[in-house]
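# Per-entry structural report
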Amino acid sequence: MDLCQVLVYQFDSKARTLTITADQSKTHKCRIIPLPASLSARLKAIAPATPTAYLWERYTIDTRARDARAAMEFTPRRLVYAVRRQFDQFASRFPDRPKMTPHNLRARVITLTVAKYNGSVATAGEAMGVTPQTATKHYVDANKAHKPLEVLREMASVLLPD
């Protein structure tokens, strides 16, 4: 829901950042998200001209172009439901795969961050705006983040030297 509430003025195309304010964030902390150049350019192209408009208002316009029954007015909640529907449709099309939710995307980012920063759950948690305890309990896939088999292989030579 955090991203769905972002207003145009919270997007800085020059700095290539998106700011989520504390009152918009589930964790009640301001977060600044760096954006790749290509995504920043795309957002700049679709952003409404009014600074106090929602950044994603074009979603409603684009949806109405495809489906006349779609809502006339953008709300963050409608976008949340639309994203959830996309995940549900994916699950329906691929029932043999594990069910994915938007929450899984956050878990993937945190897991990959832990792996990149030498197992630092604190670094990953701080970057994603959660405590290390929350990151560990709800997000980190320890087998992917900490690579236990690789660690054991390295330790084998230490424990049983040639």
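Quick note: structure is the one above.
These figures come from a predicted structure and were not determined experimentally.

## Re the sheet that holds strand β2 (residues 17-20)
By way of backbone hydrogen bonds, the strands of a sheet pair with one another, either parallel or antiparallel. Overall, antiparallel pairing links the three strands, which are arranged β1-β2-β3 in an open sheet. The open sheet has two edge strands, β1 (11-12) and β3 (31-34), and neither has a second partner. Of the strand pairs in this sheet, β2 and β3 are connected by four bridges, and their pairing is antiparallel. If you follow threonine 17 over to β3, its bridge partner there is proline 34.

## Considering the pattern of salt bridges
Throughout the structure, instances matching the rule amount to four salt bridges. Here arginine 58 ties to aspartate 62 by a salt bridge, and the two come within 3.3 Å at their closest N and O atoms. With arginine 58 and aspartate 62 both in helix α2 (residues 58-66), this residue pair falls four residues apart, about one helical turn. Between aspartate 67 and arginine 69 there is a salt bridge, and its shortest N-O distance comes to 3.0 Å. Classification of aspartate 67 as partly exposed rests on a relative accessible area of 27%.

## Comments concerning a nonpolar patch on the surface
Taken together, Phe90, Met100 and Leu105 make up a surface patch of nonpolar side chains, about 230 Å² in accessible area. Of note, leucine 105 is situated in helix α4 (residues 102-116). Classification of leucine 105 by relative accessible area gives partly exposed; the value is 43%.

## Here we look at the packing of α4 against helix α5 (residues 121-128)
At their nearest, the axes of α4 and α5 sit 8 Å apart, and the two run at 140° to each other. What the angle tells us is that α4 and α5 run oblique. At the point where α4 passes α5, the crossing takes the right-handed sense. Residues Arg106, Val109, Ile110, Thr113 and Val114 of α4 lie in contact with α5, whose contacting residues are Val121, Ala124 and Met128. Across the contact of α4 with α5, the residue classes break down as six nonpolar, one polar and one charged.

About the criteria used
- Residues numbered from 1 in each chain as written.
- Predicted model: local features only at pLDDT ≥ 70, side-chain atom pairs only at ≥ 80, totals over all residues.
- Heavy atoms only, no water.
- Pairing = 2+ DSSP bridges.
- Helix = DSSP H or I, 4+ residues; strand = E, 2+ residues; numbered from the N terminus.
- Salt bridge = Lys/Arg side-chain N within 4 Å of Asp/Glu carboxyl O.
- Buried < 20%, exposed > 50% of the residue type's maximum accessible area, 1.4 Å probe, protein only.
- Patch = residues over 30% accessible without salt bridge, like charges linked within 9 Å, V, L, I, M, F, W, Y side chains within 5 Å.
- Areas by Shrake-Rupley, 256 points an atom, 1.4 Å probe, with all protein chains shown as cover.
- Axes fitted to C-alpha atoms, helices over the stretch in contact; angles between N-to-C directions.
- Parallel < 35°, antiparallel > 145°, perpendicular 65-115°, else oblique.
- Left-handed = near helix turned anticlockwise from the far one by under 90°.
- Contact = heavy atoms within 4.5 Å.
- Nonpolar A, V, L, I, M, F, W, Y, C, P; charged D, E, K, R; others polar.

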